[in-house]
Protein chains: 2
Amino acid sequence: MNESSSDARVLLEHLLRPRSIALIGASDDPVKLTGRPIEYLKRFGYQGRILPINPNRETVQGIPAYSSIGAIEGPVDLALLGVSAERTADALRECVAKGVPVAIAYASGFAETGERGAALQAELAEICRESGIRLLGPNCLGLVAARDAVTVTFSSSLDEGDTLPSGPIGFVSQSGAFGTSITSRLRDGGVGVGYYVNTGNEADLDAAELLSVLTAADDVSVLLCYLEGVRDGRRFVDMARAAFAADKPVVAVKVGSSAAGARAVSSHTGSMAGEDAVFDAVARQFGILRVPGVEAMLDTAQLLATGRRMAGPNLTVLSISGGAGVLTTDAAESAGLAVAAWDAHWQARMAQVIPPFGSPVNPIDLTASLISKPDMLARALDVAVEHPGTDALVVVLTNVERGSDAVVSALRDAASRTDKPLVVVWIGGSGRPARALADAGVPTYRDPHRAVAALSALAEYGARPPLPGAPEFDDVDTAAALDVIAKARASGRIRLDELEATKVLAAYGIPMAPAYAAATPDEAALIAQRLMFPVAVKVLSADIGHKSDLDAVKLGLPNSESVASAAHEVLAAAAGASDARVLVQQMARPGQELALGVTNDPVFGPTVLVGSGGVLIELLDDRALALAPLDPATADALIGGLRGARLLDGYRGGARRDRGALAEAMSRLSLLAADLADDIAEIDINPIFVHSEGAGVTGVDALITLTEKGGGHR
Amino acid sequence: MNESSSDARVLLEHLLRPRSIALIGASDDPVKLTGRPIEYLKRFGYQGRILPINPNRETVQGIPAYSSIGAIEGPVDLALLGVSAERTADALRECVAKGVPVAIAYASGFAETGERGAALQAELAEICRESGIRLLGPNCLGLVAARDAVTVTFSSSLDEGDTLPSGPIGFVSQSGAFGTSITSRLRDGGVGVGYYVNTGNEADLDAAELLSVLTAADDVSVLLCYLEGVRDGRRFVDMARAAFAADKPVVAVKVGSSAAGARAVSSHTGSMAGEDAVFDAVARQFGILRVPGVEAMLDTAQLLATGRRMAGPNLTVLSISGGAGVLTTDAAESAGLAVAAWDAHWQARMAQVIPPFGSPVNPIDLTASLISKPDMLARALDVAVEHPGTDALVVVLTNVERGSDAVVSALRDAASRTDKPLVVVWIGGSGRPARALADAGVPTYRDPHRAVAALSALAEYGARPPLPGAPEFDDVDTAAALDVIAKARASGRIRLDELEATKVLAAYGIPMAPAYAAATPDEAALIAQRLMFPVAVKVLSADIGHKSDLDAVKLGLPNSESVASAAHEVLAAAAGASDARVLVQQMARPGQELALGVTNDPVFGPTVLVGSGGVLIELLDDRALALAPLDPATADALIGGLRGARLLDGYRGGARRDRGALAEAMSRLSLLAADLADDIAEIDINPIFVHSEGAGVTGVDALITLTEKGGGHR
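Residues numbered from 1 in each chain as written. Chains lettered and ligands numbered in written order. Predicted model: local features only at pLDDT ≥ 70, side-chain atom pairs only at ≥ 80, totals over all residues. Heavy atoms only, no water.

### Overview of the sheet that holds strand β22 (residues 553-557) of chain B
Residues and elements named next belong to chain B.
Right, on to step 1. As summarised here, the arrangement of the 4 strands in space is β20-β23-β21-β22, forming an open sheet in which the pairing is antiparallel. Each having just a single partner strand, β20 (515-518) and β22 make up the two edges of the open sheet. Averaged over all pairs of adjacent strands, the angle between their axes in this sheet comes to 20 degrees, without regard to strand direction.
Right, on to step 2. With 4 bridges connecting them, β20 and strand β23 (residues 581-586) associate as antiparallel partners. (Pairing = 2+ DSSP bridges. Helix = DSSP H or I, 4+ residues; strand = E, 2+ residues; numbered from the N terminus. Axes fitted to C-alpha atoms, helices over the stretch in contact; angles between N-to-C directions.)

### Digging into the pairing of strand β27 (residues 680-690) of chain A
All names here are of chain A.
Right, on to step 1. Across 7 bridges, strand β24 (residues 592-601) lies against β27 in antiparallel orientation. Paired with Thr599 across the two strands is Glu682, which belongs to β27.
Right, on to step 2. Inspection of the sheet shows β27 paired to strand β29 (residues 702-706) by 5 bridges, in the antiparallel sense. What sits directly across from Ile680, in β29, is Leu706.
Right, on to step 3. In this structure, β27 lies alongside strand β28 (residues 697-699), joined through 3 bridges in antiparallel fashion. Residue pairing in the sheet places Ile688 in a bridge with Gly699 of β28.
Right, on to step 4. Hairpin connection from β27 to β28: 6 residues lie between these consecutive antiparallel strands, with Gly694 at a positive phi of about 90 degrees.

### Looking at the packing of aromatic side chains
Right, on to step 1. Per the stated rule, a full pass over the model turns up 13 aromatic pairs over all chains.
Right, on to step 2. Seen from their ring centres, A:Phe171 and A:Tyr196 are 5.5 Å apart, and the 40 degrees between their planes marks the pair as tilted. Of the two residues, A:Phe171 sits in strand β10 (residues 169-173) while A:Tyr196 sits in strand β11 (residues 193-198), which places them 25 residues apart along the sequence.
Right, on to step 3. With a relative accessible area of 0%, A:Phe171 lands in the buried category.
Right, on to step 4. Taking the centre distance of 4.2 Å and the plane angle of 25 degrees together, the rings of B:Phe178 and B:Tyr226 count as stacked. Of this pair, B:Phe178 sits in helix α5 (residues 176-188) while B:Tyr226 sits in strand β12 (residues 222-227), and the two are 48 residues apart along the sequence. (Phe/Tyr/Trp six-rings, centres within 6.5 Å; stacked < 30°, edge-to-face > 60°. Buried < 20%, exposed > 50% of the residue type's maximum accessible area, 1.4 Å probe, protein only.)

### Focus: the nonpolar core
Right, on to step 1. Of all hydrophobic cores here, the largest spans 237 residues; its most connected members are A:Leu15, A:Leu315, B:Leu15 and B:Leu315.
Right, on to step 2. Beyond its immediate stretch of four places on either side in the chain, A:Leu315 contacts A:Met310, A:Ala332, A:Leu337, A:Ala338, A:Val339, A:Asn362, A:Ala392, A:Val394, A:Val452 and A:Leu455. (Core = buried A, V, L, I, M, F, W, Y, C linked by side-chain atoms within 4.5 Å. Contact = heavy atoms within 4.5 Å.)

### Examining helix α21 (residues 560-573) of chain A
All names here are of chain A.
Right, on to step 1. For α21, built from 14 residues, the straight-helix expectation of 20 Å at 1.5 Å per residue is met to within 8% by its first-to-last C-alpha distance of 20 Å.
Right, on to step 2. All of the buried residues along α21 are Ser560, Ser562, Val563, Ala564, Ala566, Ala567, Val570 and Leu571.
Right, on to step 3. Packed against the buried residues of α21 are α20 (521-530), β21 (535-540), β22 (553-557) and β23 (581-586). (Expected span 1.5 Å × (residues − 1).)

### Quick word on the relation of the copies chain B and chain A
Right, on to step 1. Overlaying chain B on chain A yields an RMSD of 0.1 Å, the required transformation being a rotation through 180 degrees with an accompanying axial translation of 0.1 Å. Between the two chains, the operation in question is that of a two-fold axis. Proximity to the rotation axis, assessed at the C-alpha, singles out B:Leu620 in chain B; its C-alpha lies 4.0 Å from the axis.
Right, on to step 2. A symmetric contact is evident, with 100% of the interface residues of chain B recurring at the interface of chain A. (Least-squares fit on C-alpha atoms with pLDDT ≥ 70 in both.)

### With respect to the sheet that holds β11(A)
Residues and elements named next belong to chain A.
Right, on to step 1. The 7 strands are arranged β9-β8-β11-β10-β12-β13-β14 in an open sheet whose pairing can be described as mixed. Where the open sheet ends on each side, the last strands, each with one partner, are β9 (150-153) and β14 (289-290).
Right, on to step 2. As defined by bridge partners, strand β8 (residues 142-145) adjoins β11 across 4 bridges and the pair is classed as antiparallel. Note that in β11 the partner of Leu143 across the bridge is Val197.
Right, on to step 3. With respect to the sheet, helix α5 (residues 176-188) is in contact with β8, β10, β11, β12 (222-227) and β13 (250-254), its orientation differing from that of β11 by roughly 170 degrees.

### Some remarks on helix α2 (residues 36-44) of chain B
One full turn of an α-helix is made of 3.6 residues, so residues set three or four places apart face in the same direction.
Right, on to step 1. Restricting attention to buried positions, one finds in α2(B) the residues B:Arg36, B:Pro37, B:Ile38, B:Tyr40, B:Leu41 and B:Phe44.
Right, on to step 2. Just beyond α2(B), the residue with positive phi is B:Gly45, at close to 85 degrees.

### As for the side chain of A:Ser667
All names here are of chain A.
Right, on to step 1. Tracing the backbone through its elements, the reader meets Ser667 in helix α24 (residues 659-675).
Right, on to step 2. A relative accessible area of 0% means that Ser667 is categorised as buried.
Right, on to step 3. Residues within four places of Ser667 in sequence aside, it is in contact with Pro471, Phe473, Leu630, Asp631, Pro632 and Ala635.

Spelled out as structure tokens, the structure:
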């Protein structure tokens, strides 16, 4: 067993399912923040040992108290540090001394409050690192694990009730306020949250590690997370891979998607958030369902909690009124789902069970007689379930109140006879029947758009691409690439000139237009004769960024004379640069222009990008991003997602382009980015020409910027 | 007073505020469909005369009954026809005989059920046309006018309660089920609907006319409508203009936006729906807020009902937690609103009132001490209201339950001190405080995205463009255009050849590349010499559509010889066409390619379209549409809304293009489309080159198709 799975077992057993809980600083007052956990543990029926620690009292809320954690006999699975920020480190050390494996720190006053708090938090992290104790928090609300009634929290959301409905959802939130709101609303809707954990400042345990723990729990089948930032990209990706492998969907809300939001989140968390676009790409790549907000998360979780899956995007919509069915159809199509008309055979079958004034086409109009004839609804649902194009069923009701019991019963019965998802859109009425339907695994929504958004997420999950594989190329020459980099660093540069960049890319088998350096016009003319005309002449200098601004690029030169003359002009224009030479480059054959790139995200590491070239990339913001490395098939799928992909696929009678070669180049670039992650800060190949099918690609203009530090010698 | 405003007065007084209501076929059983209206009228306290008509009874539900409508003494304002489809026409005739101005027909069994029903419905329409009586329905739920407790409906949504909360909303729905659901949910949320009317099959009165009536009502300030189709485009536009002029926002849900939805709606309503894209364009053009569905309508109506307006798109967000504020900021920015960081001066002012661990930047983090310090919230709200960049305030709360009274009170007070919109996002908790806030004009939402979607609609309303003006050009030669059309019709064609199309467009001053017809290669060469080289030679034939498929277009011909030879080839290629000649056309100067077009919508009439040219129009679906005619300023705004507009405005250092000339050409084209609406079915000018600023535009390839019927002589 490796370390991380051993840690996962410790956390599952001692944090989420502890048999004994010590509460340092426990108050006898059940309303005080440090008194509430005991009151909740008692009220919700926790069966393990409750161990209050309070040197000033014999008992706390009727339970015998200890003077210190060391005074407890027998093991303590979990300790709650209910003390101030200043005293938290000492309390944690006492836990270490006692051999407690996991602790929770409530107190605020740490990194969120400035420098002094940050130092206190660093001390906690150091204790964890040295001793191996694991810590949740500080500045957190704790956790609620419904299975064993582990209510180690001061959240007032537990003020009422005496049972904790459990369920298949495990939820990790970096925000206590958000997490508690979501958890309460899910429970209000009859959807049980088995485990809810708030990670707060994450001095030790972070959201990704806790999600990994929940992925390993046999009573969790849906994972939710609310994130303000990801602390460790690799750990997050490992978690996502594990959840993918276990077929446990992960639904994520992550803030900071807008520029203004990103600005605010970085001031709020004080942490490096990484690019939101990279998180978004990671989510797509590893099958995480990123949803935009509160109700999207509730709605999606409710549907996923049924455990049902969609095999495709096709809905069968059965409605009480034509208009409501059309509204739902509009919403479905705009969410990327399909409501396809049924063929004559199936229409005839449906027509046998619905009223003559209804419509059997899909959306299927059952008319208002649905209320008076629940049997008709039942029979129509049976036909719809049988239809091979039904990946999910949507029943749309409006103001049904009288007669709703029979309708609910027909819906529950139908759900029990199929494992396809069945959801109800109940636009009007009191909303009261929703609970009975939820108990039968039938989510109810009060708005067609919300229902189809949830279904769309489920369909997206069903259609998630396989995890990206590692690219395998046996012709890659990493040493040659590192050699070019080392020489540039030796001359004090972190910016490669175009010839160097071309060499690094060529070392990884990325096709670049042939190019050579020349110091003089005559040398340039000689080189040009060895290439095929026409050629281009560009200034070659690590000092000069925007060559075209300088009039230092000459394209389409047809012969030696024009090359010599162009080289002369270019060298004159670049007179300011100390190292100026010229690059003589063969002009690429024509093709569709695209762009490839690499950036190095501070959280997730190297990413590779493909974008429509020329005017389109900016006009459309048409680009796709993924973590490096990725195999050619995954690269091809990303390319296929571009709007501009149509230009590669024989658009309007044009030539089909060599998309396979582009995917291979992207995969090779991603391998380069991953192999040399410590050295490469940024790569930009723009344009890369995609030639006719079978004729490959040619990169033309390449920029490579190195990291400041570098990877050193290997 | 013209006829339509006199009709509006009749409908307002007799349909919506009747002083006497006759109920034909009234049942003594208050639970039966024909008994419910009387039970509701009594229970909700209608003060006018209730006049049951039932030949078999002395009294109905305790009220003296009449044997027939003719037996009633004194005037009857409104009659409800509570009889079967077969007996409805007779009942309507009795109303006519009695002099009743307005009737409502409940019964189903009309056009929605097939041919026989359609004939019955046509009979009702005929009675209305002949007699002048106005009819709501048939196949409708009737109406509820809260002001006078006019509950002429059998909707079971009135089964409970004894008061009808009124409010500034007037709602017209083509679907009874949808309308009742929305109305009930608005009332449940504390938002009063003053008038709710269901139009059903619209044998006489349609949704647009009823909206016009509500626009004229002094106690209505917000109009809602649910539409499955528009019966009369002109009436709808007139209504929209009136609502615009009265500053009464119209919120519309219209189904059929998707292809599958449009297919279903046309089978459902059995009526010509017109293009959804045209409805969408009309909505934009006339300031109608089209929203996608149920909750979007509820959320927007709730905000509009406060009567507050936004002067711009800028939100100030104050939140109880950093993350929730960021989430709201993300949502706002993705909805097109702005959450701009405050400058140092205003940050300093805010910092004085909020806790030191909060953030004064915007989104403003008030921290959880907001709960314990409602005074702090109040002071922060005052600063936020004063900030000149605050167009609306958003307060974001999570799980506040303890202490919520003081928070609610601070929010209510703040709202009373400003006329800027103040909305609350209350993510967690019970939702109970929402009602108290609604009463104070503070809408509460439980999801940031829903709040900002409503605010975005309000901002869009505030920024709605002026109504399009009529274009005025004094050089238009309508007679010349009609002459070309008449000649084509005389030769049995509804498709103009390119020369004819060019002449029609030129008659309206739309710049087209000069072009002349030639019968032989020699004649073509002669003509070319009078133009400027290079020229193009194309086959000229009304029979041939896709010229380029035929190899019958030769571009860039530099001299007479090449013209003669090209004409020879083109005529040979078109040998099959009986009328083949060649068109010699001057090549247009270079410019940015766009496209202009005209279509004639069956509901709304002629529309004009502008689209990005070349590959972009299809790749981006980058086009904008508007009803004809429109003035150049409105045309320019449409052009500015294209993604490709950036290509006209000096994109990436390119030339600025003559956008003004394009707007003028579009306006001229719209005038042509409107003037010749009876004759023109379709126009396509693709491409039209937009030259450098000041250098105008040149249309190159033009197609015109005429209507089958034509407008006849004028």
